[in-house]
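Structural features, examined
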Amino acid sequence: ETLASVEKTNGKPFKLGGFGSGEYRGAARDWADGKLDKLTGGCRLGVRFALGPQAPAEARDKVSGNGDFMSDNADIRAAAPVISELVIDFPN
């Protein structure tokens with residue numbers, strides 16, 4: 001799935017980590033009170049993105065830092081991230 005489809009499911013833009021070399025590389029960091037922030041039964045969803053295989057080098061360079069980006073950021077969109085990992089945390 002693409003970043004745009006996750007944003008649509010969330011109902012609004014969300015924050016994700018840049019694609020540098022940190023623990024949060026490409027990870028959704030904050031659902032910004034969107035639909036994915038409040039899952040049934042108290043579950044939490046973790047999503048990690050990878051840069052799109054056809055992303056231009058210039059777009060990759062602009063998002064390769066360790067800062068955070070909003071999913072509707074033009075530089076992030078140009079890098080065409082795709083889901084690489086999903087984690088669902090079930091409460092005890």
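The structure we're discussing is the one just above.
A brief structural summary. (Residues numbered from 1 in each chain as written. Predicted model: local features only at pLDDT ≥ 70, side-chain atom pairs only at ≥ 80, totals over all residues. Heavy atoms only, no water.)

Description of the overall build of the chain
- When helices and strands are tallied, the chain shows 3 helices and 5 strands.
- Counting helices and strands in the order they occur from the N terminus, the chain gives α-β-β-β-α-β-α-β.
- Against the 2.2 N^0.38 benchmark of 12 Å for 92 residues, the chain shows a C-alpha radius of gyration of 13 Å, consistent with a compact globule.
- With respect to the principal axes defined by its C-alpha atoms, the chain has extents near 45 × 25 × 20 Å.
- Residue pairs in contact within the chain that sit at least 24 positions apart in sequence constitute 62% of those at least 6 positions apart.
- For the chain, the separation between the mean place of its 12 positive charges and that of its 13 negative charges on side chains is 2 Å. (Helix = DSSP H or I, 4+ residues; strand = E, 2+ residues; numbered from the N terminus. Rg over C-alpha atoms; globule rule 2.2 N^0.38 Å. Contact = heavy atoms within 4.5 Å. Lys, Arg positive; Asp, Glu negative; His and termini not counted. Charge placed at Lys NZ, Arg CZ, Asp CG, Glu CD.)

Some thoughts on unusual backbone geometry
- Of note in the backbone geometry, Ala32 takes a positive phi value of approximately 55 degrees without being a glycine.
- Following the sequence through the fold, Ala32 ends up in the loop between β2 (28–30) and β3 (44–50).
- Of note in the backbone geometry, Asp33 takes a positive phi value of approximately 60 degrees without being a glycine.
- Secondary-structure assignment places Asp33 in the loop between β2 and β3.
- The exposed category is assigned to Asp33, whose relative accessible area is 58%. (Buried < 20%, exposed > 50% of the residue type's maximum accessible area, 1.4 Å probe, protein only.)

Considering the pattern of salt bridges
- Going through the model one piece at a time under the given rule, you end up with 7 salt bridges.
- Of the charged contacts, one joins Asp89 and Arg44 as a salt bridge, the two residues approaching to 2.8 Å between their closest N and O atoms. Taken together, the residues Asp89 in strand β5 (residues 82–89) and Arg44 in strand β3 connect sequence positions 45 residues apart.
- Since its relative accessible area comes to 56%, Arg44 is described here as exposed.
- Overlapping salt bridges bring together Glu58, Lys62 and Asp75 as one network. (Salt bridge = Lys/Arg side-chain N within 4 Å of Asp/Glu carboxyl O.)

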